[in-house]
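Residue-level listing of the chains:
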Amino acid sequence: MNFNWLSRMFYLSKLNLGIVFIITMCILYYSFIESFWRLPKTLMALIFTISVNVLIYLILSLSKFYLLRFSFLLFFTIMTTISAIGKYYWQEIPKIEMIYDVVLKNFATINNYYNWEKILIFVILLVALLLYKISITKTENNRTFAKVKLLLVIIIGSYSFVGWRNKISSNTSSRELLAEDPIIGPFVEKKNYGVNLSSTLIENDNFYSEWNLRPGSPNIVIVNFDALRGDVFGRYIGKNAITPTFDSLINDQNVQKMPYHISSSSSSFNGILSTLYGNNVEYLPANKIGIHHILKHHGYQTNFVLGGTHEHFMSLKKQYGNVDYYFETTMVDEFGLKGKEDDDNSIIEYLYSRKNIVSDRPQFYYFHIMAPHLGAYSFDAPLFEKINNDASLTIKEKSYFIGLNKADKVLQQLLNYFNIVSNNTVIYISADHGEGLGYHKYLPTIGHIQQLTYESTNIPLIILDNDKSFQVCQKSTTQIDLVPSIVERCFNDSKLPDKFYSGLSIYKDPLNLRYTYHSLYMAKYADFHFAILKDSLGHYVEKYLYDPNTSKEYIFDLRKSRLENDTILNGNSEFYRNLKRNYLQKI
């Protein structure tokens, strides 16, 4: 019996399966990727690795319609390139409709999202792979040897792809994900971003149990914006204010605000934890206790309502510990919401939809708003078109101001919500870090996690409190000051252990002399960005900055310029080096 028809049928089905597989992978990878985040990380990473291997095998093992399949592979890899290096203002992999909007609707801003040099290198490698395939098809007679070579190409190609993605991607989540893969995990470069907290322990970890709440203790709300600078308010596009809500708060004489508030770092991980735990990350004990834990012990309901994926970004969710209610925008389907997984509007929808608020309990909220970080992906920003068409702005400014405009809209919605819920609420509005727009005189940078200049560390602190008996006494503060401030606002006769809480309440008189420490801490005693600010009677007067990229030291005279335009040529660098050395030795 002739079974040639069966073999031909199998071959054709295999051929079609390869093409369908490639198309399907493109659609799945870029349209439904957020749904995959709910799978165990190891499983998801394994699926990704197997997919790449199968895809390369199908491309190289079938000769008919090779150019067609190669075109699909080229499309797939360019899209993957976009996801890996095209997230200049993005936290996770962008959906395909976002790429469409950015590329086709706003082609003038395309340089924001693509690194053409790296794309070109990868395309050249693909062409080389194509030529190699053609050469072995024409010249190779030994099928066994050809299959061995093909297998080597598959393995090398797959692992090179992962290594390439790992090297160029700024996405920490990608690295964490790939490191979980049982096949490629050992080959993934694992970078330490400061997650190894101090090994010290708070011996008396119930130090707060005997504290007494003040009568009528208020709800406490922290609204942290991602990458929000403190000097970008009051700007206009034509006659339109970019941040009308922020501007009204800053201009309101009844609203308290800090003229000079500094983040502990220029990374989200460090900045968020410093805000919640009252100390720099490198000094946090293994059994760290945050303001939300203290308030929860005293009857507060704790709510974390977050933009982005904190579960997968450096495992931030684990760092938060036990909270009553947790929501991040990647969970919209789980909560039956209509909003998008990458949109801060889903935070507002969640607030109005939830039915689990216990009204007779005081509330603690921590919000994380992504809009300033997402930049031009904030397509529903009220001034999107006006900002994007303003020829006076740089590409980076356009993207940042679009995100800023969206952030202002979200803030107004949050304020409306809490006006409805309760007027016995204190709201602290701040940020995890700033954002470089290339303004700095000596160290101009774009983005963050690069330097500790004023662009990356100067952030706002705005306080909405109806009780006027609590007045801010400081003029210069840092993120670690927020926890002791909230403790004083809510409790009588409370005392935080100085060893584990280095901040100073903003409601207390300033010290005669104080030094605050700021770093991009990544590993113990590693060479990393470091800054020390000198505070005299509540005013920052001097700043020491160390740049590990060049091993240069700067001392800025902040009395002359908060923009760090004036360096002290004969500054005492050795004095600051000793302070830094002593600080690090205590870790």
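In this text the structure is predicted, and so the values were computed from the model without any measurement. What you see as residue numbers is a count from 1 along each chain, following the sequence as written. Per-residue local features of the predicted model are confined to residues with pLDDT of at least 70, and side-chain atom pairs are confined, for both listing and counting, to 80 or more; whole-chain, interface and lining totals are unaffected and use all residues. Neither water nor hydrogens contribute to the side-chain values; these are computed over all heavy atoms in the structure.

Looking now at the environment of Asn572. Runs of E in the DSSP output that reach at least two residues are strands. Runs of H or I that reach at least four are helices, and both are numbered from the N terminus. Its location among the elements puts Asn572 in the loop between β20 (552-557) and α19 (573-585). Exposure categories follow from relative accessible area, calculated using a 1.4 Å probe and restricted to protein chains: below 20% of the type maximum is buried, above 50% is exposed, and the middle band is partly exposed. Residue Asn572 is classed as partly exposed on the basis of its relative accessible area, which comes to 46%. Sequence separation of Asn572 and Ile555 is 17 residues, and the distance between their C-alpha atoms is 8.2 Å.

Taking 1.5 Å per residue as the helical rise, α19 with its 13 residues ought to reach 18 Å, and the 18 Å between its terminal C-alpha atoms agrees with that figure. For this analysis, residues touch if any pair of their heavy atoms sits within 4.5 Å. Structurally, α19 contributes buried residues whose contacts are with β17 (513-519), β18 (530-536), β19 (539-547) and β20. Expected helix span is given by 1.5 Å per residue-to-residue step, counting one fewer step than there are residues.

Judged by nonpolar contacts, the single largest core of 92 residues is most densely connected at Phe364, Phe367 and Ile429. Broken down by element, the residue count for this core peaks at eleven residues, all from helix α16 (residues 395-421). Sequence-distant contacts of Phe364, defined by excluding residues within four places in its chain, comprise Ile220, Ile222, Leu276, Ile291, His292, Leu295, Tyr300, Gln301, Thr302, Asn303 and Phe304. To qualify as a nonpolar core, a set must consist of buried Ala, Val, Leu, Ile, Met, Phe, Trp, Tyr and Cys residues joined through side-chain atoms within 4.5 Å. Core analysis: the next-biggest nonpolar cluster, separate from the first, contains 14 residues, Tyr517, Tyr544, Tyr546 and Ile587 among them.

This paragraph deals with the pattern of salt bridges. A pair is scored as a salt bridge if a Lys or Arg side-chain nitrogen falls within 4 Å of a carboxyl oxygen belonging to Asp or Glu. One pass over the full model with this rule turns up 17 salt bridges. Lys409 is the salt-bridge partner of Asp380, the closest N and O atoms lying 3.6 Å from each other. One end of the pair, Asp380, is in the loop between α14 (371-374) and α15 (384-388); the other, Lys409, is in helix α16, with 29 residues separating them in the sequence. Taking the shortest distance from any N to any O, the salt bridge between Arg577 and Glu553 comes out at 2.8 Å. Placement of the pair is Arg577 in helix α19 and Glu553 in strand β20, with a sequence separation of 24 residues.

Aromatic contacts are taken between Phe, Tyr and Trp rings whose centres are within 6.5 Å, Trp giving its six-membered ring; a plane angle under 30 degrees counts as stacked, one over 60 as edge-to-face, and the others as tilted. This model, assessed by the stated rule, comprises 34 aromatic pairs. Between Tyr283 and Tyr583, the ring centres sit 4.8 Å apart and the planes meet at 40°, which makes this aromatic pair tilted. Placement of Tyr283 in the loop between α10 (268-277) and α11 (291-297) and of Tyr583 in helix α19 is noted, with a sequence separation of 300 residues between them. Each member of the pair Tyr283 and Tyr583 is classed as buried. Where Phe304 meets Tyr366, the ring centres are 5.5 Å apart and the plane angle is 45°; that geometry is what we call tilted. Separated by 62 residues along the polypeptide, Phe304 in strand β7 (residues 301-306) and Tyr366 in strand β9 (residues 363-369) bring together distant segments of the chain. As far as burial versus exposure is concerned, Phe304 and Tyr366 are alike and both buried. Counting every residue linked through ring pairs, the aromatic cluster contains Phe207, Tyr208, Trp211, Phe491 and Tyr501. The aromatic ring of Tyr277 is capped on one face by Lys288, whose charged end is 5.5 Å from the ring centroid. For a Lys NZ or an Arg CZ to count as sitting over a ring, it must be within 6 Å of the ring centre and within 35 degrees of the ring normal. The ring centre of Tyr326 lies 4.6 Å from the NZ or CZ of Lys317, which sits over that ring.

Moving on, we come to the confidence of the model for the chain. Per residue, pLDDT captures the predictor's confidence, and it can take any value from 0 to 100. Confidence in the prediction for the chain averages 76 pLDDT; 64% of positions are at 70 or higher. Across residues 9-23, confidence stays below pLDDT 50; counting only partners more than four residues off in sequence or on other chains, it has 23 contacts. Within the model, pLDDT remains below 50 along residues 162-195, and this stretch shows 83 contacts once partners closer than five positions in the same chain are excluded.

Let us look at unusual backbone geometry. Of note, Ser551 is a non-glycine position whose phi angle comes to about 60°, a positive value. Turning to its location among the elements, Ser551 is positioned in the loop between β19 and β20. Here Glu564, not a glycine, exhibits a phi torsion of approximately 60°, which is positive.

All right, on to the pairing of β18 then. With five of seven residues buried, β18 is to be regarded as a mostly interior element. What makes two strands pair is DSSP finding at least two bridges between them. Across seven bridges, β17 lies against β18 in antiparallel orientation. The residue bridging Thr516 from the neighbouring strand is Leu533, located in β18. Direction of pairing for β18 relative to β19: antiparallel, over a ladder of seven bridges. Within β19, the residue paired with Lys534 across the bridge is Glu542. The hairpin formed by β18 and β19 contains two residues between the paired strands, and Leu537 there has a positive phi angle of roughly 55°.

Let us look at the side chain of Lys543. Within the secondary structure, Lys543 sits in strand β19. When its relative accessible area of 2% is taken as the criterion, Lys543 is described as buried. Contacts described as polar in this section are N or O atom pairs within 3.5 Å, which, within protein, must combine one atom able to donate a hydrogen with one able to accept it, while residues neighboring in sequence count only if both atoms come from side chains. Side-chain polar atoms of Lys543 contact the backbone oxygen of Leu452, separated by 2.6 Å. Residue contacts for Lys543: discarding those within four places in its chain leaves Leu452, Thr453, Tyr454, Thr457, Ala531, Ile532, Leu533, Tyr554, Ile555, Phe556, Leu558 and Glu564.

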